[in-house]
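Observations on the model geometry
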Amino acid sequence: MLSDLVDGARLDAAARREQTPLEDLERAALDVAPALDAVEALQPSDTVKIIAEVKRASPSRGHLADIPDPAELASVYASSGASAISVLTEGRRFGGSLDDLRSVRSAVEIPVLRKDFIVEPYQVLEARAAGADIVLLIAAALDQQSLHDLHMLVGDLGMTALVETHDADEVSRALDVGASVIGVNARDLGTFELDRDLFGRLAEGIPGSVVRVAESAVKSAEDVAHYRRAGADVVLVGEALVTGDPAARLEEFLSV
């Protein structure tokens, strides 16, 4: 599944490159307002922080929500206490787009994450040009040199990388490239099976100086509390928000 998603992301990026050459994209990336400080926004505090996700669909669940106006949903998230907004920009299986990211960026004043299958510099430049402050880098999708180079490019452009991991080796790889924000995804991207306890097993290997983000397997406030007890500074939530009342759900999750 991960290989298919990465292959699709490469093809889609190549098609966009035909429309917007690299030189034009580089200029656009330098013309936008500077990125917001996501590390500061996600710093550990006395209460859990939430990255709220704009997510229309997923390979495991199919259609989740229509979301005709991503900016409106993001505004609800921001006014309800989210510390950052994640925007799925992958179109084949998640129903997202860079237009969604641009729309959300124009509507909120908190950090915005481009969540996609990022495997080449062109996509990082796209993220910055669209106004992203955070870029997801999935360790399982990248060899170590690529992870290092993309992580460095994200930083050079003033953004923050959220390096997603799934095992202890990937946590070590994330630390080796200097990641300041590390996520642990409970969903196996090969089988799409969930393991809610994975975060707790890996969190011990993530230093306290690094922002620790728990991803996936959140359906209730108890799931958020479970991650918090295991050491999560931040919990990324998508499906549970878009399939219910987002303001009420956020209030519930932030109260744990």
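We now turn to the structure provided with this report. (Residues numbered from 1 in each chain as written. Predicted model: local features only at pLDDT ≥ 70, side-chain atom pairs only at ≥ 80, totals over all residues. Heavy atoms only, no water.)

1. Here's the deal with the overall build of the chain
In plain terms, the rule: In this text, helices come from DSSP runs of H or I with a minimum length of four residues, and strands from runs of E with a minimum of two, each type numbered from the N-terminal end. Atoms counted for the radius of gyration: C-alpha only. Globule rule: 2.2 Å times residue count to the power 0.38. Two residues form a contact once any of their heavy atoms are found within 4.5 Å. When charges are counted, Lys and Arg contribute as positive and Asp and Glu as negative, whereas His and the chain ends are disregarded. Working definition for charges: the position is that of NZ of Lys, CZ of Arg, CG of Asp or CD of Glu.
Scanning the chain for helices and strands turns up 12 helices and 10 strands. Taken against the 2.2 N^0.38 rule, which gives 18 Å for 256 residues, the C-alpha radius of gyration of the chain at 17 Å falls within 12% of a compact globule. Across its three principal axes, the chain shows a C-alpha extent of roughly 45 × 40 × 35 Å. Within the chain, contacts between residues separated by at least 24 positions form 66% of all contacts whose residues are at least 6 apart in sequence. Taken as two groups, the 24 positive and 44 negative side-chain charges of the chain have centres that lie 3 Å from each other.

2. Description of the side chain of arginine 105
Mapped onto the elements, arginine 105 comes out in helix α5 (residues 98-107). In this structure, arginine 105 is in contact with Leu36, Ile110, Pro111, Val112, Ala130, Gly131 and Asp133, ignoring residues within four places of it in sequence.

3. Some details on the environment of histidine 148
Rules: Each residue is assigned to one of three classes by its accessible area relative to the maximum for its type, calculated with a 1.4 Å probe on protein chains only: buried under 20%, partly exposed between the two thresholds, exposed over 50%.
Take histidine 148: it is sitting in helix α7 (residues 144-156). For histidine 148, a relative accessible area of 32% corresponds to the partly exposed category.

4. Remarks on helix α10 (residues 221-229)
All of the buried residues in α10 are Ala221, Asp223, Val224, Ala225, His226 and Tyr227. Where α10 is buried, its residues contact β1 (49-54), α9 (198-203), β9 (211-215), β10 (234-237) and α12 (246-254). Directly beyond the C-terminal end of α10, a positive phi value near 110° is found at glycine 231.

5. Digging into the packing of helix α4 (residues 70-79) against α12
Filter applied, for reference: Comment: axis = line fitted to C-alpha atoms, over the contacting stretch for helices; angle = value between 0 and 180 degrees taken between N-to-C directions. When an angle is under 35 degrees it counts as roughly parallel; over 145 it counts as roughly antiparallel; between 65 and 115 it counts as roughly perpendicular; any other value is oblique. In this scheme the handedness of a crossing depends on how the near helix is turned from the far one: anticlockwise by less than a right angle means left-handed, clockwise means right-handed.
Relative orientation of the contacting elements α4 and α12 amounts to 30°, with a least axis distance of 9 Å. In terms of their interaxial angle, α4 and α12 are classed as roughly parallel. Considering how the two elements wind past one another, α4 and α12 form a crossing that is right-handed. Residues Leu73, Val76 and Tyr77 of α4 form the contact with α12, whose participating residues are Pro246, Ala247 and Leu250.

6. Examining the packing of aromatic side chains
What counts, and what does not: Each pair of aromatic rings taken from Phe, Tyr and Trp, with Trp reduced to its six-membered ring, is defined by centres within 6.5 Å and is described as stacked if the planes are under 30 degrees apart, edge-to-face if over 60, and tilted in the remaining cases. Put simply, a charge is over a ring when the Lys NZ or the Arg CZ is close to the ring centre, within 6 Å, and near the line of the ring normal, within 35 degrees.
A complete count under the given rule lists 2 aromatic pairs for this structure. With a centroid separation of 6.0 Å and 40° between ring planes, the pair formed by phenylalanine 94 and phenylalanine 117 is classed as tilted. Of this pair, phenylalanine 94 sits in the loop between β4 (84-88) and α5 while phenylalanine 117 sits in the loop between β5 (112-115) and α6 (121-129), placing them 23 residues apart in sequence. Here the two residues phenylalanine 94 and phenylalanine 117 agree in accessibility, since each one is buried. Arranged with centres 5.9 Å apart and planes meeting at 75°, the rings of phenylalanine 199 and tyrosine 227 form a pair that is edge-to-face. Linking phenylalanine 199 in helix α9 with tyrosine 227 in helix α10, this pair joins segments that are 28 residues apart in sequence. Exposure class is identical for phenylalanine 199 and tyrosine 227. Each is buried. Here arginine 17 stacks its cationic end above the ring of tyrosine 122, 4.6 Å away from the centre of that ring.

7. Section: the packing of helix α1 (residues 2-19) against α6
So the rule is basically this: Gly is placed with the polar residues, together with every amino acid not listed as nonpolar (Ala, Val, Leu, Ile, Met, Phe, Trp, Tyr, Cys and Pro) or charged (Asp, Glu, Lys and Arg).
With their axes 10 Å apart at the nearest point, α1 and α6 run at an angle of 65° to one another. By the angle class used here, α1 and α6 are roughly perpendicular. Of the two possible hands of crossing, α1 and α6 adopt the one that is left-handed. Packed against α1, whose contacting residues are Ala9, Ala13, Arg16 and Arg17, the element α6 presents Tyr122, Gln123 and Glu126 at the interface. Residue composition of the contact of α1 with α6, grouped by class: 3 nonpolar, 1 polar and 3 charged.

8. Notes on the pattern of salt bridges
So the rule is basically this: Whenever Lys or Arg places a side-chain nitrogen within 4 Å of a carboxyl oxygen from Asp or Glu, that contact is recorded as a salt bridge.
This structure, assessed with the given rule, holds 16 salt bridges. In this structure, arginine 27 and aspartate 24 form a salt bridge, with 2.2 Å as the shortest nitrogen-oxygen distance. Taken together, the residues span about one helical turn, with arginine 27 and aspartate 24 both in helix α2 (residues 22-31) at a distance of 3 residues. Since its relative accessible area comes to 33%, aspartate 24 is described here as partly exposed. When the shortest N-O distance is used, the salt bridge between aspartate 99 and arginine 102 registers 2.6 Å. With aspartate 99 and arginine 102 both in helix α5 and 3 residues apart, the pair spans about one turn of that helix.

9. Digging into the environment of methionine 159
Tracing the sequence through the fold places methionine 159 in the loop between α7 and β7 (160-165). Spatially, the C-alpha atoms of methionine 159 and alanine 29 are 11 Å apart, while their sequence positions differ by 130 residues. If sequence neighbours within four positions are ignored, methionine 159 has contacts with Ala35, Val124, Ala127, Arg128, Ala132, Asp133, Val135 and Val154.

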